[in-house]
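Structural overview for review
Below, each chain spelled out in residue letters.
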Amino acid sequence: MKLPLASAIPLTIDHAIIVTNDTDIAPALQMIRKHTPVKIGVVVPTTDHQRTPNTELAKLAHWMRTHVTHAELAACSSLA
């Protein structure tokens, strides 16, 4: 017996933050948008403000960050 796709997605989160600028993730984001109430945030993994956010990902995201600051990277590396 096949279960509906929506029942296979656990609703234990309200936001998913994806750090990428690659469209390979777009089908997964489409599935999340179609089958869940989860809000999607996309963070472009760059510090130089030179990389243009992918337009397909921007359309699928509820919000987007176009860069990561050096201070944020430093704070994450100090946690490791």
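Cut-off values and rules
Residues numbered from 1 in each chain as written. Predicted model: local features only at pLDDT ≥ 70, side-chain atom pairs only at ≥ 80, totals over all residues. Heavy atoms only, no water. Salt bridge = Lys/Arg side-chain N within 4 Å of Asp/Glu carboxyl O. Buried < 20%, exposed > 50% of the residue type's maximum accessible area, 1.4 Å probe, protein only. Helix = DSSP H or I, 4+ residues; strand = E, 2+ residues; numbered from the N terminus. Polar contact = N/O pair within 3.5 Å; in protein donor to acceptor, adjacent residues only side chain to side chain. Contact = heavy atoms within 4.5 Å. Arc of directions from axis to C-beta. Pairing = 2+ DSSP bridges. Axes fitted to C-alpha atoms, helices over the stretch in contact; angles between N-to-C directions.

Further remarks concern the pattern of salt bridges. Close approach of charged atoms lets side chains of opposite charge pair. Evaluation of the coordinates by the stated rule reveals one salt bridge. The shortest N-O distance in the salt bridge between R65 and E72 comes to 3.0 Å. Exposure remark for R65: the relative accessible area of 30% places this residue in the partly exposed category.

Within the secondary structure layout, H67 lies in the loop between β3 (63-65) and α4 (70-79). Classification of H67 by relative accessible area gives buried; the value is 18%. A polar contact of 3.4 Å, which involves the side chain of H67, links it to the side chain of T66. Residue contacts for H67: discarding those within four places in its chain leaves V43, V44, T46 and H49.

Of the residues making up helix α2 (residues 26-35), those classed as buried are A26, L29 and I32. Axial view of α2: buried residues confined to an arc of 120°, hence all on one face. Seen from the buried face of α2, the exposed residues on the opposite side, beyond 90 degrees, are P27 and K34. On the buried face of α2, the contacting elements are β1 (15-19), β2 (39-43) and α3 (55-60).

Attention shifts here to the sheet that holds β2. Across a sheet, paired strands are connected by hydrogen bonds in the backbone, their directions being either parallel or antiparallel. Taken together, the three strands give an open sheet; going across it, the order is β1-β2-β3, and neighbouring strands pair in parallel fashion. Every interior strand has two partners, whereas the edge strands, β1 and β3, have only one. Strand after strand, the sheet turns through a mean of 20° between neighbouring axes, direction not considered. Examined bridge by bridge, β1 and β2 share five bridges and lie parallel to one another.

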